[in-house]
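Here is what each chain is made of, one letter per residue.
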Amino acid sequence: MDNTDKINKIDNISKKLQAGESLDEKELSVVSIALKSLQSILYEQLSYVPFICGEAGDKGPDGMPEYFFICPNYGLDGWASYKKHKDYSGPEW
């Protein structure tokens, strides 16, 4: 897949989101990859912005890993480890 195909795919996803449509798993994967690429570019320009720099452990039914590694700012060598203490839950209205 060349860059034109990738740009067209992202453009189609953008149009779906603007129309209020849901994304399927493949489209969510494309968005995730695109966001990670943008983050690697933008974090040099944004100071004091913590970001997820890794994950570890088994993923639960909600797709969330057991551990996250958070870097407090771009360019630092260290990170903090956070452990999930319960599965995702939303408001019960």
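Quantities reported herein were computed from a predicted structural model and do not represent experimental measurements.

Trainee: Got a sec to walk through the packing of aromatic side chains? Specific residues and values, please.
Mentor: Inspection of every chain in the model, using the stated rule, returns one aromatic pair. Their ring planes at 70 degrees and their centres at 6.0 Å tell us that F69 and W79 sit as a pair that is edge-to-face. Placement of the pair is F69 in strand β2 (residues 65–71) and W79 in the loop between β2 and β3 (80–83), with a sequence separation of 10 residues.

Trainee: For a nonpolar patch on the surface, give the residues involved together with the corresponding values.
Mentor: The grouping of L35, L38, I41 and L42 at the surface amounts to a nonpolar patch, some 360 Å² of accessible area in total. For L42, the location among the structural elements is in helix α2 (residues 25–42).

Trainee: Tell me about the pattern of salt bridges, and name the residues and values.
Mentor: Between side chains of opposite charge, pairing is possible as soon as their charged atoms come close. By the definition in use, this model includes five salt bridges. The residue K16 makes a salt bridge to E27 at a minimum N-O spacing of 2.9 Å. With K16 in helix α1 (residues 3–18) and E27 in helix α2, this residue pair connects regions lying 11 residues apart in the sequence. What makes K16 partly exposed here is its relative accessible area of 22%. Given the relative accessible area of 16%, E27 is considered buried. Two residues, K83 and E66, come together in a salt bridge whose shortest N-O distance is 3.6 Å. Here the residue K83 occupies a position in strand β3, and E66 occupies one in strand β2, the gap between them amounting to 17 residues. E66 gets classed as partly exposed once you look at its relative accessible area, which sits at 27%.

Trainee: How would you summarise the sheet that holds β2 if you had to cite specific residues and measurements?
Mentor: The sheet built from three strands is open, its strands ordered β1-β2-β3 with antiparallel pairing. A strand with exactly one partner marks an edge of an open sheet, and here the two such strands are β1 (51–59) and β3. Within the sheet, the average angular offset between the axes of one strand and its neighbour, ignoring direction, is 20 degrees. Across six bridges, the pairing between β1 and β2 is antiparallel. Counterpart to K59 in the pairing with β2 is P65.

Trainee: Give a detailed account of α1, specifying residues and quantitative values.
Mentor: Compared with the 22 Å implied by 1.5 Å per residue over 16 residues, the 22 Å span of α1 between its first and last C-alpha is a close match. G20 sits one or two positions beyond α1 and adopts a positive phi of about 80 degrees.

Trainee: Please provide a residue-by-residue account of the environment of Y82, values included.
Mentor: Following the sequence through the fold, Y82 ends up in strand β3. Sequence separation of Y82 and E55 is 27 residues, and the distance between their C-alpha atoms is 9.3 Å. Excluding anything up to four places from it in sequence, Y82 contacts E66, Y67, F68 and I70.

What counts as what
Residues numbered from 1 in each chain as written. Predicted model: local features only at pLDDT ≥ 70, side-chain atom pairs only at ≥ 80, totals over all residues. Heavy atoms only, no water. Phe/Tyr/Trp six-rings, centres within 6.5 Å; stacked < 30°, edge-to-face > 60°. Helix = DSSP H or I, 4+ residues; strand = E, 2+ residues; numbered from the N terminus. Patch = residues over 30% accessible without salt bridge, like charges linked within 9 Å, V, L, I, M, F, W, Y side chains within 5 Å. Areas by Shrake-Rupley, 256 points an atom, 1.4 Å probe, with all protein chains shown as cover. Salt bridge = Lys/Arg side-chain N within 4 Å of Asp/Glu carboxyl O. Buried < 20%, exposed > 50% of the residue type's maximum accessible area, 1.4 Å probe, protein only. Pairing = 2+ DSSP bridges. Axes fitted to C-alpha atoms, helices over the stretch in contact; angles between N-to-C directions. Expected span 1.5 Å × (residues − 1). Contact = heavy atoms within 4.5 Å.

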